[in-house]
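Residue-level listing of the chains:
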Amino acid sequence: MLPTLPVVWGLRLFPRAGGAEEIALGQALAGTPAAGRAAFVLRRVDGLADAVVEALLRAADVPDPESALRSANRLDESAGAAARALLTSRSSTPARCRPAPPICCAADA
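All figures in this text were calculated on a predicted structure; none of them were measured in a lab.

**Observations regarding the confidence of the model for the chain**
- Mean pLDDT over the chain stands at 75; residues scoring 70 or higher make up 63%.
- Helix H3 (residues 50–59) holds the highest mean pLDDT among the elements of the chain, 96, whereas strand S2 (residues 103–106) holds the lowest, 44.
- Predicted confidence for residues 97–109 stays below pLDDT 50, and this span has 30 contacts to residues more than four positions away or in other chains.

**Side note on a nonpolar patch on the surface**
- On the surface, a cluster of nonpolar side chains totalling about 230 Å² of accessible area is made up of Val 41, Val 45 and Leu 87.
- Relative to the helices and strands, Leu 87 resides in helix H4 (residues 65–88).

**A word on the pattern of salt bridges**
- Across all of its chains, the model carries 4 salt bridges by this definition.
- A salt bridge links Glu 66 to Arg 58; its shortest N-O distance comes to 2.3 Å.
- By relative accessible area, which is 30% here, Glu 66 ends up partly exposed.
- Through salt bridges with shared partners, one network takes in Glu 54, Arg 58 and Glu 66.

**Topic: the nonpolar core**
- Judged by nonpolar contacts, the single largest core of 16 residues is most densely connected at Leu 25, Ala 39, Phe 40, Val 53, Leu 57, Leu 75 and Ala 79.
- Breaking this core down by element, the ones donating at least two residues are helix H1 (19–30), helix H2 (34–44), H3 and H4.
- With 8 residues, the single largest contributor to this core is H4.
- Excluding residues that lie within four positions of it along the chain, Phe 40 makes contacts with Leu 25, Leu 29, Val 45, Ala 72, Leu 75, Asp 76 and Ala 83.

**Let's talk about the side chain of Arg 43**
- Take Arg 43: it is sitting in helix H2.
- Within the structure, Arg 43 has its side chain in polar contact with the side chain of Asp 50 (distance 3.1 Å).
- There is a polar contact of 2.8 Å between the side chain of Arg 43 and the side chain of Asn 73.
- Excluding its chain neighbours within four sequence positions, the residues that come into contact with Arg 43 are Leu 48, Asp 50, Val 53, Leu 69, Ala 72, Asn 73 and Asp 76.

So, how was this worked out
- Residues numbered from 1 in each chain as written.
- Predicted model: local features only at pLDDT ≥ 70, side-chain atom pairs only at ≥ 80, totals over all residues.
- Heavy atoms only, no water.
- pLDDT = per-residue confidence, 0-100.
- Helix = DSSP H or I, 4+ residues; strand = E, 2+ residues; numbered from the N terminus.
- Contact = heavy atoms within 4.5 Å.
- Patch = residues over 30% accessible without salt bridge, like charges linked within 9 Å, V, L, I, M, F, W, Y side chains within 5 Å.
- Areas by Shrake-Rupley, 256 points an atom, 1.4 Å probe, with all protein chains shown as cover.
- Salt bridge = Lys/Arg side-chain N within 4 Å of Asp/Glu carboxyl O.
- Buried < 20%, exposed > 50% of the residue type's maximum accessible area, 1.4 Å probe, protein only.
- Core = buried A, V, L, I, M, F, W, Y, C linked by side-chain atoms within 4.5 Å.
- Polar contact = N/O pair within 3.5 Å; in protein donor to acceptor, adjacent residues only side chain to side chain.

Now the structure itself:
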């Protein structure tokens, strides 16, 4: 019988590719509701106007699109500079792969 070995999935790289801007944006995004994050991305990444974003959120059955836009405004105020820096950097692409955080556990016997 072989002993069970730890299994490691994923990898965490430090410093991250985006540096301080990516960390600041990640922290701000983590504290924002999903609908607010969606509104932020639709405006900041896709460049859509608020009226279009609100219509898309309504079509997606978001309960309160106006609140989502307010959350996006607060997110833009707190992390807009970080988002601009990341979105205009040469290393930032929508398809960039990010390693998953490490997960260690005992292998099933």
